[in-house]
Amino acid sequence: MRATTDLSAQEQFERAGHVLAGGVSASMRMNPYLGHPLYLSRGDGPYLFDLQGKRYIDFNLSNGAAILGHNHPAVRTAVEQGVEAGIIAAAEMPYHAELATQLVEIIPAAERVRFATVGTEVTVLALRIARHATGRVKYLKFDGHFHGLAEQWLYRRDTDAETVVPSSGGVPDDGGADVVMVPWNDTDAFEAAMRTHGDELAAVICEPIHFNAGCIPPAPGFLELLRSETTRHGVVLIFDEVLSGFRTALGGVQAETGITPDLTTHAKALANGMPLASLSGRRDLMETLVPTGPVAHSGTYSGHLLSVLAALATIEELRRPSVYDDLNARSQRFYNQLQGIFDRHDLPVVVQGRGGRFGMYFGRRGAVTTVADAAGHDHELNARFNRACVERGLYVHPYTRAGAPGHAGISLAHTDAVLDDALAILDDAASVVRA
Ligand SMILES: Cc1ncc(COP(=O)(O)O)c(C=O)c1O
């Protein structure tokens, strides 16, 4: 089946609207700055190609999954091996234990591993285990941290009323009573919440780098505080590394900082674009899962063969010497140069990045350390810049048109030469927006 067509993106979108709900197969495929999705025919290395064959340097990378770049030969070969084995699903094979062995070696928290299909499934499962293990129901999450679109995570803080309210239709109001919500990096608020609720919490969950609001790293000492307070109150600490995993270090933020959570989730970069998620953590907690314990989890596609083979290939690539030294050095140079471009054009934009993922805060000067800082994002200015980039062959995906900006990223396929091309486009786009 061919994916190329003569229809424009707008025409594709109108046609899709007759059969796809909202014209898209996932809400965030919509590009709110363009008014339609970017329709693609294929991806290769650091590039995407649209239906007319136009090439874009890709800074979305399958929402952060393609850490090696698209169409990586080792991942392709691995997937082909699974195709030759008959694409069998719901089957246990030696590859699962092999991949789990690697994760136990790499991820500090991982004593036992369970595979699933998507990130949302494992964040929900982590909470289920925590509730069973502690016999408690409430959980603490940080305002704006994204853990997937499951009921438990679809609440936000109404800062005016200081209450927790649903952030989606169809989510019960009273579910908010189980959620204690605190602003990220607010030590006083976290300590106060633990004083009041610490002994009734099953879990504290966080993105250890808040990439879903661009890139807001933990304030110095903040992760240490989460660790000590959860230990003191017998609360399960969950690091959701679905996005931060394999991004700044092979073992994620927990390896980089030395702060080890009780449970941790991975997906996205784990299998470089194939659907795979893992929950791992303390043996006593993980062994509460059926068949050794009473906590339910299974799925027809859990640990799908093609995805597990893709993950083994991905991790082999990521384990090569100096991968993270190179990625961190190259990305930091890029973030500094990009900040230099905005400064030279006197545009109010702050660039913040860690490893292979970054955020651009439009309408802002000075570091973004809280979600409130990020919420002031100037979407109008960002939209003009984004459209100028798309016209010139560079793609950054805006996830929403309200609140904090989304995240962008670079892969191992974004060489210095590719990043120099990108900087030329970004410079040009900045001058257009400035004018
Ligand atoms: C930190 C984090 N957790 C969980 C999820 C949900 O993962 P999935 O989209 O695979 O369900 C995401 C997805 O963006 C994420 O960034």
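Coordinates for the structure precede this section.
Described below are features of the structure shown in this document.

Reading the values: the criteria
Residues numbered from 1 in each chain as written. Predicted model: local features only at pLDDT ≥ 70, side-chain atom pairs only at ≥ 80, totals over all residues. Heavy atoms only, no water. Buried < 20%, exposed > 50% of the residue type's maximum accessible area, 1.4 Å probe, protein only. Helix = DSSP H or I, 4+ residues; strand = E, 2+ residues; numbered from the N terminus. Pairing = 2+ DSSP bridges. Core = buried A, V, L, I, M, F, W, Y, C linked by side-chain atoms within 4.5 Å. Domains from an automatic or database assignment. Contact = heavy atoms within 4.5 Å. Axes fitted to C-alpha atoms, helices over the stretch in contact; angles between N-to-C directions.

1. Looking at the pairing of strand 12 (residues 277-281)
Among the 5 residues that make up strand 12, 5 are buried, leaving the element largely enclosed by the rest of the structure. Alternating residues of strand 12 divide into Ala277, Leu279 and Gly281 and Ser278 and Ser280, and every residue in both groups is buried. Both strand 4 (residues 112-116) and strand 12 contribute to a ladder of 5 bridges, which runs antiparallel. When the sheet's bridge partners are listed, Arg114 is paired in strand 12 with Leu279. Note: strand 11 (residues 263-266) against strand 12, 4 bridges, orientation antiparallel. Across the sheet, the residue bridging to Thr264 is Ser280, located in strand 12.

2. Section: the nonpolar core
Of all hydrophobic cores here, the largest spans 62 residues; its most connected members are Phe59, Phe334, Phe358, Met360 and Phe385. For this core, the domains that each give at least three residues are domain 1 (9-64 + 323-434) and domain 2 (73-318). Beyond its immediate sequence surroundings of up to four residues, Phe59 is in contact with Phe334, Arg357, Phe358, Leu394, Tyr395, Val396, Ala408, Gly409, Ile410, His414, Leu419 and Ala422. Judged by nonpolar contacts, the second largest core, of 31 residues, contains Leu201, Ile216, Leu237 and Leu243.

3. Side note on the sheet that holds strand 16 (residues 408-409)
In space, the 3 strands of this open sheet follow the order 13-14-16, with antiparallel pairing throughout. Two strands bound the open sheet, and with one partner strand each, they are strand 13 (349-354) and strand 16. Here strand 13 runs beside strand 14 (residues 357-362); their pairing, made up of 6 bridges, is antiparallel. Of the residues in strand 14, the one forming a bridge with Gln352 is Gly359. Of the strands in this sheet, strand 13 and strand 14 touch helix 11 (residues 323-344), which is tilted by about 180° from strand 13.

4. Thoughts on the sheet that holds strand 15 (residues 394-395)
What the 4 strands build is an open sheet, ordered 1-2-3-15; its pairing is mixed. Each edge of the sheet is formed by a strand with only one pairing partner; in this case those strands are strand 1 (40-44) and strand 15. As paired strands, strand 3 (residues 55-58) and strand 15 are joined by 2 bridges and run parallel to one another. Bridging across to strand 15, Ile57 finds its partner in Leu394. Running over the sheet, helix 14 (residues 416-434) touches strand 2 (47-50), strand 3 and strand 15 and is turned about 105° from strand 3.

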